[in-house]
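One letter stands for each residue in the lines below.
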Amino acid sequence: MKNPEELKDIVKSKYGEIARQGGTCCGPTGCGDTLGGANFAEDYQGLDGYFPEADLGLGCGIPTEYAGIEAGQTVIDLGSGAGNDVFVVRAIVGDEGRVIGLDMVPDMVEKAKANAVKLGCDNVEFHLGEIEDMPLESGIAEVLVSNCVLNMVPDKITAFSENHRVLKPGGHFCVSDIVLEGELPTALAEAAVAYAGCVAGAQKKDEYMGTIRAAGFTEAAIRSTRQVHLPDTLLNEVLGPEEAAALKGSGFGIYSITVVGYKEA
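Residues numbered from 1 in each chain as written. Predicted model: local features only at pLDDT ≥ 70, side-chain atom pairs only at ≥ 80, totals over all residues. Heavy atoms only, no water.

A.B. asks: For the confidence of the model for the chain, give the residues involved together with the corresponding values.
C.D. replies: Across the chain, the average pLDDT comes to 88, with 89% of residues at 70 or higher. Throughout residues 25–37 the model reports pLDDT below 50, and contacts reaching past four residues in sequence, or to other chains, amount to 44 contacts. (pLDDT = per-residue confidence, 0-100. Contact = heavy atoms within 4.5 Å.)

A.B. asks: Hey, could you go over the pairing of strand β2 (residues 98–103) for me, with residue numbers and the actual values?
C.D. replies: The element β2 is largely enclosed, with a buried count of five among its six residues. Sheet topology places strand β1 (residues 74–78) next to β2; five bridges connect them, and they run parallel. For Ile76, the partnering residue across the bridge sits in β2 and is Ile100. In this sheet, strand β3 (residues 124–128) lies alongside β2 in parallel orientation, the contact comprising five bridges. Opposite Val99, over in β3, you have Val124 as the bridge partner. On the question of chirality, the crossover connecting β2 to the parallel β3 by way of helix α3 (residues 106–119) is right-handed. (Buried < 20%, exposed > 50% of the residue type's maximum accessible area, 1.4 Å probe, protein only. Helix = DSSP H or I, 4+ residues; strand = E, 2+ residues; numbered from the N terminus. Pairing = 2+ DSSP bridges. Right-handed = clockwise from strand over helix to strand, strands pointing away.)

A.B. asks: Go over the packing of aromatic side chains with me, naming the residues and quoting the values.
C.D. replies: Scanning all chains against the criterion turns up five aromatic pairs. Plain terms: the ring middles of Phe160 and Phe173 are 5.8 Å apart, the flat faces sit at 55° to each other, and that makes the pair tilted. Highlighted residues: Phe160 in helix α4 (residues 156–166) and Phe173 in strand β5 (residues 167–181), separated in sequence by 13 residues. The same class applies to Phe160 and to Phe173, which are both buried. (Phe/Tyr/Trp six-rings, centres within 6.5 Å; stacked < 30°, edge-to-face > 60°.)

A.B. asks: Can you break down helix α8 (residues 232–239) residue by residue, with the values?
C.D. replies: Among the residues of α8, Leu234, Leu235 and Leu239 are the ones counted as buried. Buried positions in α8, seen along its axis, are confined to an arc of 100° and lie on one side of it. Residues of α8 that are exposed and angled more than 90 degrees away from the buried face: Thr233 and Glu237. Immediately downstream of α8, the backbone of Gly240 shows phi near 90°, a positive value. (Arc of directions from axis to C-beta.)

A.B. asks: Could you give an account of the side chain of Ser80, naming the residues involved and the relevant values?
C.D. replies: By the secondary structure assignment, Ser80 is in the loop between β1 and α2 (84–93). Leave out the neighbours within four places in its chain, and Ser80 touches Val86, Gly101, Leu102, Asp103 and Phe126.

A.B. asks: If you had to explain the packing of helix α1 (residues 4–21) against α3 to someone new, which residues and values would you point to?
C.D. replies: Interhelical geometry of α1 versus α3 gives an angle of 30° and a closest axis separation of 7 Å. With respect to α3, the element α1 is oriented roughly parallel. Read as a crossing pair, α1 and α3 show a hand that is left-handed. The residues of α3 that touch α1, namely those facing Tyr15, Gly16, Ile18, Ala19 and Arg20, are Asp107, Met108 and Lys111. For the contact of α1 with α3, the residue count by class is four nonpolar, one polar and three charged. (Axes fitted to C-alpha atoms, helices over the stretch in contact; angles between N-to-C directions. Parallel < 35°, antiparallel > 145°, perpendicular 65-115°, else oblique. Left-handed = near helix turned anticlockwise from the far one by under 90°. Nonpolar A, V, L, I, M, F, W, Y, C, P; charged D, E, K, R; others polar.)

A.B. asks: How would you summarise the sheet that holds strand β4 (residues 141–147) if you had to cite specific residues and measurements?
C.D. replies: One open sheet holds the seven strands; their spatial order is β3-β2-β1-β4-β5-β7-β6, and the pairing between them is mixed. Each end of this open sheet is capped by a strand with a single partner; those strands are β3 and β6 (218–228). Here the strands of the sheet are splayed against their neighbours by 20° on average, with no regard to which way each runs. Inspection of the sheet shows β5 paired to strand β7 (residues 253–262) by 10 bridges, in the antiparallel sense.

A.B. asks: Could you give an account of the nonpolar core, with specific residues and numbers?
C.D. replies: Counting residues in each nonpolar core, the largest one holds 30 residues, and the members touching the most others are Tyr15, Ile69, Phe87, Met108, Val124 and Phe126. Of all the elements in the fold, those that place two or more residues in this core are α1, α2, α3, β3 and β4. If we ignore the near neighbours within four places in the chain, the residues touching Phe87 are Gly49, Phe51, Ala54, Ala82, Ala112, Asn115, Ala116, Leu119, Cys121, Val124 and Phe126. Within the second largest apolar cluster, 28 residues are counted, among which are Leu144, Val149, Val175 and Ile212. (Core = buried A, V, L, I, M, F, W, Y, C linked by side-chain atoms within 4.5 Å.)

A.B. asks: Tell me what's going on with the pattern of salt bridges, and back it up with residues and numbers.
C.D. replies: This structure, assessed with the given rule, holds 11 salt bridges. In this structure, Lys12 and Glu130 form a salt bridge, with 3.8 Å as the shortest nitrogen-oxygen distance. Of this pair, Lys12 sits in helix α1 while Glu130 sits in the loop between β3 and β4, and the two are 118 residues apart along the sequence. The salt bridge involving Lys204 is made with Glu183; its shortest N-O contact spans 2.4 Å. One end of the pair, Lys204, is in the loop between α6 (192–196) and α7 (205–214); the other, Glu183, is in the loop between β5 and α5 (186–189), with 21 residues separating them in the sequence. Owing to a relative accessible area of 35%, Lys204 belongs among the partly exposed residues under this scheme. (Salt bridge = Lys/Arg side-chain N within 4 Å of Asp/Glu carboxyl O.)

Now the structure itself:
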């Protein structure tokens, strides 16, 4: 099994390439098409604030639908990529609000900043940094969102503890993420493409919810669930046809969930 730094390097490499090429990873074309057509992303078109150049198809949900964001609030987006969710959030918080994007991939941060300039946004900002050690003050945001990112963080307990730290008392998070039902085969867990493609870093659903509660969040609840599928071409390539067929008959499942949790006032 790869160590945390090796896993981060995989993600930085894959997502840096996506930023430079404008491709997708969890989305329609796969990470350089290495996910063979897997489509985890949802359609953002038609949402206020949507900016096509910021949409790289990297998400697995639309967390802003359930985030309860209000005008004038400060909102953090973790794994902000090219700014897709940031610009949607900005349309909700308005000119009096503030939106902070955080991403550990330098190419993504630069792309997001360039998009903000194109849109003339003066109340959004993008920072380079890791979710487990955010370069942000404690208690600065009412709401935190994230879209298909925390599943790729090796140390999820520390990540959610940091989420708790940067929220104001009484604040809350809403994240869309990938979770599992059943056992992920070792070969698939160790495949770089599966890790960068939002699968191999994912926890089982119950374990994921337990991590959230262990970080101090209350009223943690799943607001939406959608099953997603890896293409047969990927499964056959990584596992072989026989093991791939056995996996599909084992009850194993990959799910996109959108979850909320609250920091006590």
